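So you can see what is in the structure, the chains are spelled out below.
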2 protein chains.
Amino acid sequence: MTTSPPTAEAAAVPSRRELNKAATRQAITDAALGLLRAKGPGNFTAEDIAEAAGISRRTFFNYFSSTDAALASIVHGFLDIAIQQLRLRPADEPMLESAQAALMALADPKAVAPLAELFTLTQQSPLMSHTELEAWDHCRAQVFAVARERVAGNRGEQDDLYIHALAGSVISCGKAAMEVWFSRRGPDLSPASLADLRQLLIDAMALLGAGFNGPQLKSTPRSPVSTGSATPTDSRSS
Amino acid sequence: MTTSPPTAEAAAVPSRRELNKAATRQAITDAALGLLRAKGPGNFTAEDIAEAAGISRRTFFNYFSSTDAALASIVHGFLDIAIQQLRLRPADEPMLESAQAALMALADPKAVAPLAELFTLTQQSPLMSHTELEAWDHCRAQVFAVARERVAGNRGEQDDLYIHALAGSVISCGKAAMEVWFSRRGPDLSPASLADLRQLLIDAMALLGAGFNGPQLKSTPRSPVSTGSATPTDSRSS
DNA sequence: TGCAAACTTGCACGTAGTGTAAAAGCGTGA
DNA sequence: TCACGCTTTTACACTACGTGCAAGTTTGCA
């Protein structure tokens, strides 16, 4: 078994180089998060991260274009989970349902834990905004791509507005749910808190699907209002 | 006319200092835009801008935190027009209608001209993304503030999600309309093009109000579809 | 084993952004 | 008109960022 030939699927057996790169990348983000914990946002340099990760400053910049980017990779990893799930949904499913289903994967301790910590650590200062906004926008672009694939071939001209607006709104609502959840529960990752997050994500998508009619939601945090007819909650994927 | 006393309304007669500051600020953005025209994005430094504006490098940084920020002030000025209009709308009007009405002010040559040029000049390169995203997010925060004022006093707890999601979606849809318009018409500021923009903004809000039902809009660019029935015009908000 | 490609590293360079203190400009009252 | 405070501009110095480059080192493969 001397390294299976890279015939078609190269993702199967990662070569030594790829493993090293992945390990280094991980070491950098770990070091960055550690320094964030220890010194607080904005109180450490790229050189500090490199030193903590056991690499040179120059190598750090080979992996990330800035210290912010190193931390934002956590956000990227988080959002990629949702995108990954979104791509698995059937193409004929309504986008909002697909989005809601994909977002459910985010209410998982493994997924949110790094993000929750990052968020609580950077909450007090707007030093994160730059790259974090870009991460969300990158996710928006992914949703846009998925949405366009689904409508592709039809006309692809008149639907531009629809796709752009839909992708942006879905992201905004997902972001809104995350923000409300963070502001409510802080770093709480208990099952009850995660259930709350799940409900917020469902409610946010329901608001979007209902065109924001009615100035306020009447549902208490746990009430089964939202999904009733619109959402595909029946999939016992838990 | 020896400088009317600054009794209560100080905005009436701007002092010499304020005029100077405003002029300097304007000179900087003009210089930045000029350099962008001449050299292209990313091919000039903060010192270049300062020199072109007739000030020192240090003074430039007293006004803007980066070269991007100087250019993004154009975006800020553009979006502030909409926010200004939004605050003038009656408080009992449904948010989506207020938003649509406010957005109409953007389809004005005076307002969009700087933005259109900025956009065409930076379109080819992602060098703008950083600060431009922040400008839109700042606008989102303003919309959020307006929305919260309208619902204030009721409960202000359960509606957090509603307000966050609404503000974000409104911005996303406005942004989508602008993007589609730019990609369609480029720097075209003709009346027909502006009418197209107006229609796109209306359609975007209509999509939002209709919960993105129906995978695609059937309306041709000029058809009077939008406001007629699709929008959440049932004013008596539940 | 040896070669080619990929990766890391140190060095140097220009630029970004900020603190500080002196200089210039502005407002005001005598 | 002048002199006194406050604000703004400016020059200088300094740290950190981000990148090009030319070595050195590791990995893949024959």
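Since we're looking at a predicted model, the values are computed, not measured.

Enquirer: How do you make sense of the overall build of chain A when you look at a structure like this?
Expert: If you tally the helices and strands in chain A, you get nine helices and zero strands. Put simply, chain A runs from its N terminus to its C terminus through helices and strands in the order α-α-α-α-α-α-α-α-α. Taking all contacts inside chain A whose residues are at least 6 apart in sequence as the whole, residues at least 24 apart take part in 67%. When the accessible area of chain A is evaluated, it comes to approximately 12,100 Å², of which 54% is carbon and sulfur surface.

Enquirer: Before we go on, may I ask you to explain the packing of aromatic side chains in this structure?
Expert: Enumeration according to the criterion identifies 10 aromatic pairs over all chains in this entry. Measuring from ring centre to ring centre gives 5.1 Å for Trp181(A) and Phe182(A), while their planes differ by 50°; the resulting arrangement is tilted. Accessibility classification places Trp181(A) together with Phe182(A) in one group, the buried group. Arranged with centres 5.9 Å apart and planes meeting at 70°, the rings of Phe212(A) and Tyr162(B) form a pair that is edge-to-face. Taken together, the residues span two chains, with Phe212(A) in the segment after helix H9 (191-209) and Tyr162(B) in helix H8 (residues 160-185).

Enquirer: Explain the protein's contact with DNA strand C to me, please; I cannot follow it from the model alone.
Expert: Thr59(A), Tyr63(A), Arg17(B), Arg57(B) and Arg58(B) are the nearest of the 20 residues found near DNA strand C. Put simply, 54% of the atoms of DNA strand C that lie within 4 Å of the protein are in sugar or phosphate. The separation between a base nitrogen of DNA strand C and a polar side-chain atom of Arg17(A) is 3.3 Å. Breaking the surface near DNA strand C down by element, the ones donating at least two residues are helix H1 (16-39) and helix H3 (57-63) of chain A together with helix H1 (16-39) and helix H3 (57-63) of chain B. Among the elements that make up the surface near DNA strand C, the one with the highest residue count is H3(A) (five residues). A class-by-class count of the residues in the surface near DNA strand C yields four nonpolar, eight polar and eight charged.

Enquirer: Whenever I open this one, the nonpolar core confuses me. Can you help?
Expert: The nonpolar side chains of a soluble globular protein tend to be buried with one another. Among the nonpolar cores identified, the biggest contains 137 residues, and Phe212(A) and Phe212(B) are the most heavily contacted of them. Apart from the residues within four sequence positions on either side, Phe212(A) is in contact with Cys173(A), Leu207(A), Tyr162(B), Ala165(B), Leu166(B), Ser169(B) and Leu208(B).

Enquirer: Mind showing me how you'd approach the environment of Gly211(B) here?
Expert: Within the fold, Gly211(B) resides in the loop between helix H9 (191-209) and helix H10 (226-229). The exposure class assigned to Gly211(B) is buried, which follows from its relative accessible area of 1%. Contact partners of Gly211(B), with chain neighbours within four places excluded, come to Leu96(A), Leu208(A), Gly209(A) and Gly211(A).

Enquirer: Is there a simple way to think about the packing of helix H7 (residues 129-151) of chain B against H8(B) in this case?
Expert: Axes are the key here: two packed helices are described by the angle between their axes and the distance separating the axes. Residues and elements named next belong to chain B. Where H7 meets H8, the axes come as close as 8 Å, and the angle between the chain directions of the two elements is 135°. Put simply, H7 runs oblique to H8. H7 and H8 meet at a crossing whose hand is right-handed. Contacts between H7 and H8 involve Leu-133, Trp-136, Cys-139, Arg-140, Val-143, Phe-144, Ala-147, Arg-148 and Val-151 from the former and Ile-163, His-164, Ala-167, Gly-168, Ile-171, Gly-174, Lys-175 and Met-178 from the latter. Among the residues making up the contact of H7 with H8, the classes are represented as 11 nonpolar, three polar and three charged.

Enquirer: I keep staring at the side chain of Arg140(B) and nothing clicks. Help me out?
Expert: Residue and element names in this part refer to chain B. With respect to the helices and strands, the residue Arg-140 is situated in helix H7. Judged by relative accessible area, which is 17%, Arg-140 ranks as buried. Discounting residues that sit within four places of it in the chain, Arg-140 has contacts with Ala-167, Gly-168 and Ile-171.

Enquirer: Even after reading the chapter, I still don't get helix H2 (residues 46-53) of chain B, so can you show me in this structure?
Expert: In an α-helix, one turn spans 3.6 residues, which is why side chains three or four residues apart end up on the same side. Residues and elements named next belong to chain B. Every buried residue belonging to H2 is among Ala-46, Ile-49, Ala-50 and Ala-53, and all of these are buried. Down the axis of H2, the buried side of the element spans an arc of 100°, and every buried residue falls inside it. Exposed side of H2, more than 90 degrees from the buried face: Glu-51 and Ala-52 are the residues found there. Along its buried surface, H2 packs onto H1, H3 and helix H4 (67-88). The N-cap residue of H2 is Thr-45: its side-chain oxygen and the backbone nitrogen of Glu-47 are 3.2 Å apart. Gly-54 sits one or two residues past H2 and shows a positive phi near 75°.

Enquirer: Any chance you could explain the confidence of the model for chain A here in plain terms?
Expert: The predicted coordinates ought not to be read in detail in places where the model reports low pLDDT. Residues and elements named next belong to chain A. A residue-level look at chain A finds 81% of positions with pLDDT of 70 or above and a mean pLDDT of 85. Contacts of residues 1-11 to residues separated by more than four positions or lying in other chains number one contact, the stretch itself having pLDDT below 50. Note on residues 216-238: pLDDT is under 50 here. Beyond four places in sequence and across chains, it has 28 contacts.

Enquirer: I'm lost on unusual backbone geometry in this one. Help?
Expert: Negative phi is the rule for most residues except glycine; trans is the rule for most peptide bonds. The phi dihedral of Phe212(A) is positive, around 60°, even though this residue is not glycine. Given a relative accessible area of 5%, Phe212(A) falls into the buried group.

Enquirer: Just to check I follow, could you spell out the protein's contact with DNA strand D for this structure?
Expert: As a structural note, the neighbourhood of DNA strand D is formed by 22 residues, with Arg16(A), Arg17(A), Arg57(A), Thr59(B) and Tyr63(B) the closest of them. By atom count, sugar and phosphate contribute 60% of the portion of DNA strand D lying within 4 Å of the protein. Arg17(B) is positioned with one of its side-chain polar atoms (N or O) 3.1 Å from a base oxygen of DNA strand D. The set of elements that each furnish at least two residues to the surface near DNA strand D consists of H1 and H3 of chain A together with H1 and H3 of chain B. Here the element with the most residues in the surface near DNA strand D is H3(B); it accounts for five residues.

Enquirer: Teacher, can you tell me more about the environment of Ala206(B) here?
Expert: With respect to the secondary-structure elements, Ala206(B) resides in helix H9. A C-alpha to C-alpha distance of 9.4 Å links Ala206(B) and Glu97(B), two positions 109 residues apart in sequence.

Enquirer: In this structure, what is going on with the environment of Leu35(B)? I would like to understand it.
Expert: All names here are of chain B. By the secondary structure assignment, Leu-35 is in helix H1. When the C-alpha atoms of Leu-35 and Ala-52 are compared, they prove to be 8.3 Å apart, with 17 residues separating the residues in sequence. Apart from residues lying up to four places away in sequence, Leu-35 is in contact with Gly-40, Phe-44, Asp-48, Ile-49 and Ala-52.

Enquirer: What's the story with H7(B) in this structure? I'm lost.
Expert: With 23 residues, H7(B) should reach 33 Å at 1.5 Å per residue; the first-to-last C-alpha distance of 33 Å fits that figure. Three or more residues of H7(B) are buried, namely Thr131(B), Glu132(B), Leu133(B), Ala135(B), Trp136(B), Cys139(B), Arg140(B), Val143(B), Phe144(B), Val146(B), Ala147(B) and Val151(B). Where H7(B) is buried, its residues touch helix H7 (129-151) of chain A together with H4, helix H5 (95-104), helix H6 (109-122) and H8 of chain B.

Rules behind the numbers
- Residues numbered from 1 in each chain as written.
- Chains lettered and ligands numbered in written order.
- Predicted model: local features only at pLDDT ≥ 70, side-chain atom pairs only at ≥ 80, totals over all residues.
- Heavy atoms only, no water.
- Helix = DSSP H or I, 4+ residues; strand = E, 2+ residues; numbered from the N terminus.
- Contact = heavy atoms within 4.5 Å.
- Areas by Shrake-Rupley, 256 points an atom, 1.4 Å probe, with all protein chains shown as cover.
- Phe/Tyr/Trp six-rings, centres within 6.5 Å; stacked < 30°, edge-to-face > 60°.
- Buried < 20%, exposed > 50% of the residue type's maximum accessible area, 1.4 Å probe, protein only.
- Near = heavy atom within 4 Å.
- Polar contact = N/O pair within 3.5 Å; in protein donor to acceptor, adjacent residues only side chain to side chain.
- Nonpolar A, V, L, I, M, F, W, Y, C, P; charged D, E, K, R; others polar.
- Core = buried A, V, L, I, M, F, W, Y, C linked by side-chain atoms within 4.5 Å.
- Axes fitted to C-alpha atoms, helices over the stretch in contact; angles between N-to-C directions.
- Parallel < 35°, antiparallel > 145°, perpendicular 65-115°, else oblique.
- Left-handed = near helix turned anticlockwise from the far one by under 90°.
- Arc of directions from axis to C-beta.
- pLDDT = per-residue confidence, 0-100.
- Expected span 1.5 Å × (residues − 1).

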